[in-house]
Amino acid sequence: MMGSETHFSFDPPPPKEDLETLALSDPLSAVDPPSDGSDPLLHSTSPSSSSSSFPDPPSYADVIFTPFNGTTSAATSSSTSPDFRPSTSPYLRISVSDPQKEQQDASTSLVPGGNTYVTYLITTETRDLGRFGVRRRFRDFVTLADRLAESYRGHFIPPRPDKSVVESQVMQKQEFVEQRRSALEKYLLRLAAHPVVGRSDELAVFLKAQGRLPLVRSVDVASRVLDGAARLPSQLFGEGPVAAVGPEDVGQPAKGGRDLLRMFRELRQSVANDWGGGRPLVVEEDREFLERKEKVQDLEQQLSTASQQAEALVKAQQDIGETTGELGLAFFKLGKFETEEAVYESQRTRAADFKRLATAAVRASRSYRELNAQSVKHLDILHEYLGMMLAVHSAFSDRSNALLTVQTLMSDLSSLHTRAKRLEAASSKIFGGDRSRTRKVEELKETIRITEDAKLCAIREYERIKENNRNELERLDRERRDDFLGMLKGFIINQIGYADKAASVWAQVVEETSRYGRERD
Amino acid sequence: MISTTSNSGSSSSQSPRSPSASQQQPFLSVTVTDPVKLGNGVQAYISYRVITKTNLPEYQGQEKIVIRRYSDFVWLRDRLADKYKGIFIPPLPEKSTVEKFRFSAEFIEMRRQALDIFINRVASHPELKQSEDLRIFLQEDEETMERARTQETGIFKKKPADFMQLFKDVQSKVTDVVLGKEKPIEESNPEYEKLKHYIFELEDHLAEAQKQAFRLVKRHKELGQSLSDFGKAIKLLGACEGDSLGKAFSELGSKSEFLSLKLQKEAHNLLMNFEEPLKDYVRAVQSIKATMVDRANAFRQQYDLAETTKLKEINLDKLMLMRSERAGEAEFEYKELKAESEEATRRYQSIVKLMSEEIVRFQEQKTADMGLAFHEFAKGQERLAKEIADAWRSLIPKLEKCSSS
């Protein structure tokens, strides 16, 4: 369900120049700075003749440790496999790259003059159908998300990246595009990893169909009215049979905007549910569901707090690493200064001590940076699951909407039956029958039959969504357990690795300065 | 070499030099301990117990305990600075300017440690340890101490002799102006120039290092805090999970809180045993700068007096040649001035000589001080890292149990 791809909401800033290029001397050799005025910290060899120059800096690999047994998958991040668990997705690899500006065709746009938008190259490697490359714009992603939301009601569909209303005033355009690119990539990976959505036609079409995206865009009612497509007035006045919309469409969410009338009626129903005295005819009775819903809400709250604190922890780790490095730099400068100005032997000794400490501090600082990069990856799981809560809410909404539809239809039926009875009663009072009334009764009975069909469809849909909810909740619990366990393990192993490394770095300094220690230690 | 040092940077409230068994070996060991808040409101202050253990004949008995406050230490330092020009007087911790910080446990402990180090440095300095003022400080009762201390307050801190000197300085300054020698006279000694330059630049470097050290202390505290918060949040999250996973979360949260305490402890250790010695180093450099001012003054004084004496000599010769009756008086004045000039020269040369010894001692002392500070720093960091590794490692078997269940 989750991706291990990192992109915590803040990134550790790029390392400072000085620390990065610092040539660390071997602590056991005599140190001598270059005689020119420039910062010797950037040199690896010293022009100074007499004593030995700075030896080769220790390799960066010196401070990078590989995580121990087993959870290497937790430590590595790639845009290939997003899961900790073996993936059964038909897609092996998806990447989003190469943002390009394109001009919208002036003739099809409502706004004269056209506008520019960004397209991205989506490269997909499938399990057995080869490689694909298509170009998509952000609007296509929105369409995909909408289509999936309609087709897979009740499922926990990974939420898509936000539409950003904020223009390039706030962020540099480049930065924004890069953030969006990364977010889109993660989105597609999450979709692909979903056991149901990953196999959907919609996703397949999105990833593979060349040219224009052949998915219908959601059109809101206002636009349809403008196009003249919706028979809005007659619908609003309650005339015309419900059969203007097919029974199977009844099951679809009214909020799609296609059926304004239905939206109004369901809204009326929900108000009646909330404020009306009577009990609706069907209610959410599944206690197990209600319990799990409550648990999910609780989980969301704790996830939110934990995610925040995790972020703060990473920041604190980063800060301490940075300051340790800066301390090291300050001591390097002191050491260099004392060496240059040395008159007494005690100064040279001290300079060497300064440099020892400085070396250790810079090493420790680099270790901290490594620790943090890994910590971010592991703790990111919290962030991911928090984001997933949106999908859960959506799925629960699907369920309650479907229930509302059923309730509405049942209430409709009830009133239709009442009307029919009344008409029949009135009609029977007239001798010889009432032609017009009889015809009305016939029409009503037809309407009732259709509404019955619609009701059955709606109930089927509701049950289907309930089933989806149930399965998804189970999957959430299962996968969450695995992911959290992986997170804990990864986090702990990471911390241990860093701590061991740091301990050995400082142990060396303890050893080297042991002669200064007091007898009573 | 001083045989009784190596107690600088000491963080214990005991002087590490225990009284030696042998009676022939002269020793003087001091401890500053037991800070107690006395007085109320604005008048409140901290008093310390100063315990002296010695076998020196000038001191009354083997052990003496007196109560002293910060201003008493200041008095002693000022007296020493006045009398022992040329010697780098050990520095005192600063007065605290921030009110509410003044009585925080951390500040009091830092100050107590710094005062302990100060008094022991004085007591182990070959010249300073012989000071009568030191003896007064260590031995006299509280009333005598208070009297001595309050006597020195006020603008006229200087003794009458110094006052005369002040006038003479002004006078010679006027002479300079009159004679057109307005430029301040400085000794031209390339070695000393180099030293001055070294001291000034050293202060900058040290200040930077001390700033980073202080920041590092803060970072430790911050990390501790966030580990604590994180631990709590993880525990709550674990409550949402069931069975073994929930327990694993709970254990992780607890470890996190445990480590938070360790970090706070290390922050304190860093403050006392790493940042303080660095601050102390900066103070020592400032003390050297004060001595340099004394040396400059002494140089100028002896130079001025030498010049004035020369003039007087020329004048005297003139008078004697003219067989003036003022020759006798002039000769008397000349002899007096010459004596003063020689005295000033002696003072100046004494400072020069003392300084050259002091600088050697200073360099050696600081190498030892820094070495110890680094040792403590590295020890603390190593200990902390090990604690972190061990704490997290202990969770692994529990996690293993989770995945198998």
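Residues numbered from 1 in each chain as written. Chains lettered and ligands numbered in written order. Predicted model: local features only at pLDDT ≥ 70, side-chain atom pairs only at ≥ 80, totals over all residues. Heavy atoms only, no water.

An unreviewed UniProt entry annotates chain B as Sorting nexin 1-like originating from Iris pallida.

The name an unreviewed UniProt entry gives chain A is Sorting nexin 2A, with Iris pallida as the organism.

What follows deals with the overall build of chain A. A count of helices and strands for chain A gives 12 helices and three strands. Across the 521 residues that make up chain A, the buried fraction comes to 47%. Restricting to contacts in chain A with at least 6 residues of sequence separation, those with at least 24 account for 76%. (Helix = DSSP H or I, 4+ residues; strand = E, 2+ residues; numbered from the N terminus. Buried < 20%, exposed > 50% of the residue type's maximum accessible area, 1.4 Å probe, protein only. Contact = heavy atoms within 4.5 Å.)

All right, on to helix α4 (residues 173-193) of chain A then. For α4 of chain A, spanning 21 residues, the distance from its first C-alpha to its last is 30 Å, which sits close to the expected 30 Å at 1.5 Å a residue. Of all 21 residues in α4 of chain A, 15 are buried; the element is thus mostly enclosed. (Expected span 1.5 Å × (residues − 1).)

Residue and element names in this part refer to chain A. As for its position among the elements, Pro 158 is in the loop between α3 (138-151) and α4. Since its relative accessible area comes to 4%, Pro 158 is described here as buried. Residues Pro 158 and Leu 148, spaced 10 residues apart in sequence, show a C-alpha to C-alpha distance of 10.0 Å. If sequence neighbours within four positions are ignored, Pro 158 has contacts with Tyr 187, Arg 190, Leu 191, His 194, Met 388 and Ala 391.

The next subject is the confidence of the model for chain A. Residue and element names in this part refer to chain A. The predicted model of chain A has a mean per-residue pLDDT of 75, with 68% of residues at 70 or higher. Of all the helices and strands in chain A, helix α2 (residues 72-75) carries the lowest mean pLDDT, 36, while helix α10 (residues 287-341) carries the highest, 93. Counting interchain partners and residues more than four positions distant, the pLDDT-below-50 stretch residues 220-244 has 17 contacts. (pLDDT = per-residue confidence, 0-100.)

A surface patch of nonpolar side chains, amounting to about 280 Å² of accessible area, comprises Phe 264, Leu 267 and Val 271 of chain A. By secondary structure assignment, the location of Phe 264 of chain A is in helix α9 (residues 260-275). (Patch = residues over 30% accessible without salt bridge, like charges linked within 9 Å, V, L, I, M, F, W, Y side chains within 5 Å. Areas by Shrake-Rupley, 256 points an atom, 1.4 Å probe, with all protein chains shown as cover. Salt bridge = Lys/Arg side-chain N within 4 Å of Asp/Glu carboxyl O.)

With 71 residues of chain B at the contact, the number on the chain A side is 65 residues. Across the chain B to chain A interface the summed buried area is about 6,000 Å²; carbon plus sulfur atoms make up 72%. Ranking the residues of chain B by area buried against chain A places Phe 230, Phe 374 and His 375 of chain B at the top, with a combined share of 10%. Run the count over chain B and chain A and you get four salt bridges. The residue Arg 480 of chain A makes a salt bridge to Glu 241 of chain B at a minimum N-O spacing of 2.7 Å. Joining chain B to chain A, the criterion identifies 13 residue pairs in polar contact (both at pLDDT 80 or more). Mapped onto the side of chain B that touches chain A, the elements with two or more residues apiece are α6 (190-240), α7 (243-321), α8 (327-393) and α9 (396-404) of chain B. (Buried area = accessible area lost by both parts, 1.4 Å probe. Polar contact = N/O pair within 3.5 Å; in protein donor to acceptor, adjacent residues only side chain to side chain.)

When the UniProt feature table is mapped to this numbering, "coiled-coil region" (unreviewed entry) covers residues 327-354 of chain B. As a span, residues 327-354 of chain B carries 100% helix and 0% strand, and end to end its C-alpha atoms are 40 Å apart. (UniProt positions renumbered as here; feature names shortened; annotations may be inferred.)

Below, the discussion takes up the UniProt feature "coiled-coil region" (unreviewed entry) in chain A. Under the feature "coiled-coil region" (unreviewed entry), the UniProt entry names residues 289-316 of chain A. With 100% helix and 0% strand, residues 289-316 of chain A has end C-alpha atoms that lie 40 Å from one another.

Here we take up the pairing of strand β2 (residues 116-126) of chain A. Residue and element names in this part refer to chain A. Burial runs high along β2: eight of the 11 residues are buried. Two elements, strand β1 (residues 91-103) and β2, share 10 bridges in a ladder whose sense is antiparallel. Following the sheet pairing, Lys 101 is matched in β2 by Val 118. As judged from the seven bridges shared by β2 and strand β3 (residues 131-137), these two strands associate in the antiparallel manner. Residue pairing across strands places Tyr 120 opposite Arg 136, the latter belonging to β3. Linking β2 back to β3 in an antiparallel pair, the connection comprises four residues, with Gly 130 at a positive phi of about 85 degrees. (Pairing = 2+ DSSP bridges.)

Turning our attention to the pattern of salt bridges. All names here are of chain A. For the structure on display, the rule yields 67 salt bridges over all chains. Between Arg 147 and Glu 150 there is a salt bridge, and its shortest N-O distance comes to 2.8 Å. Of this pair, Arg 147 and Glu 150 both sit in helix α3, separated by three residues, roughly a single helical turn. We classify Glu 150 as partly exposed; its relative accessible area is 22%.

Residue and element names in this part refer to chain B. Here the domain parsing of chain B yields domain 1 (21-149) and domain 2 (185-404). Domain 1 and domain 2 are separated by 20 Å when their C-alpha centres are compared. With 18 residues of domain 1 in contact, the opposing surface of domain 2 contributes 23 residues. Summing both sides of the interface, domain 1 and domain 2 together bury roughly 1,900 Å²; the carbon and sulfur share of this comes to 57%. When the area that domain 1 buries against domain 2 is broken down by residue, the three leading residues are Lys 85, Phe 88 and Met 110, summing to 35%. Where Asp 369 meets Arg 121, a salt bridge forms, and the shortest distance between an N and an O atom there is 3.3 Å. At the junction of domain 1 with domain 2, the criterion picks out 10 residue pairs in polar contact (both at pLDDT 80 or more). Its residues placed into classes, the side of domain 1 that touches domain 2 shows 10 nonpolar, three polar and five charged. (Domains from an automatic or database assignment. Nonpolar A, V, L, I, M, F, W, Y, C, P; charged D, E, K, R; others polar.)

Glancing now at the packing of aromatic side chains. Applying the stated criterion across every chain, the model contains 22 aromatic pairs over all chains. Taking 6.2 Å as the distance between ring centres and 90 degrees as the angle between the ring planes, the aromatic pair formed by Phe 88 of chain B and Phe 362 of chain B counts as edge-to-face. Linking Phe 88 of chain B in the loop between α1 (70-83) and α2 (105-124) with Phe 362 of chain B in helix α8, this pair joins segments that are 274 residues apart in sequence. Phe 362 of chain B carries the same exposure label as Phe 88 of chain B, and that label is buried. A network of ring pairs unites the aromatic residues Phe 331, Phe 354 and Trp 506 of chain A together with Phe 274, Phe 374 and Phe 377 of chain B as a single cluster. The positively charged end of Arg 137 of chain A is found above the aromatic ring belonging to Tyr 117 of chain A, 3.6 Å away from the centroid. (Phe/Tyr/Trp six-rings, centres within 6.5 Å; stacked < 30°, edge-to-face > 60°. Lys NZ or Arg CZ within 6 Å of the ring centre and 35° of its normal.)

Looking now at the packing of helix α11 (residues 345-429) of chain A against α6 of chain B. The geometry of α11 of chain A relative to α6 of chain B is characterised by a closest axis approach of 14 Å and an angle of 25 degrees between their N-to-C directions. Compared by their axis directions, α11 of chain A and α6 of chain B come out roughly parallel. Viewed along their axes, α11 of chain A and α6 of chain B form a crossing whose handedness is left-handed. Of the residues in α6 of chain B, those in contact with Gln 347, Arg 350, Tyr 368, Leu 379 and Leu 382 of chain A of α11 of chain A are Tyr 198, Leu 223, Phe 230 and Leu 237 of chain B. Tallied by class, the residues present in the contact of α11 of chain A with α6 of chain B amount to seven nonpolar, one polar and one charged. (Axes fitted to C-alpha atoms, helices over the stretch in contact; angles between N-to-C directions. Parallel < 35°, antiparallel > 145°, perpendicular 65-115°, else oblique. Left-handed = near helix turned anticlockwise from the far one by under 90°.)

Residue and element names in this part refer to chain A. By the element assignment, Arg 136 lies in strand β3. Since its relative accessible area comes to 0%, Arg 136 is described here as buried. Arg 136 sits 380 residues away from Tyr 516 along the chain, and the two C-alpha atoms are 67 Å apart. Non-local contacts of Arg 136, meaning those with residues more than four positions away in its chain, are made with Val 118, Thr 119, Tyr 120, Ile 122, Phe 141, Val 205, Phe 206, Ala 209, Gly 211, Arg 212 and Leu 213. Separated by 2.9 Å, the side chain of Arg 136 and the backbone oxygen of Gly 211 make a polar contact.

So, about the confidence of the model for chain B. Residues and elements named next belong to chain B. The pLDDT averaged across chain B works out to 85; a share of 84% of its residues lies at or above 70. Low confidence marks residues 1-22, where pLDDT is under 50. Its contacts with residues over four positions away, or in another chain, come to 50 contacts. This model gives residues 155-160 a pLDDT under 50, and the stretch forms four contacts once residues within four places in sequence are excluded.

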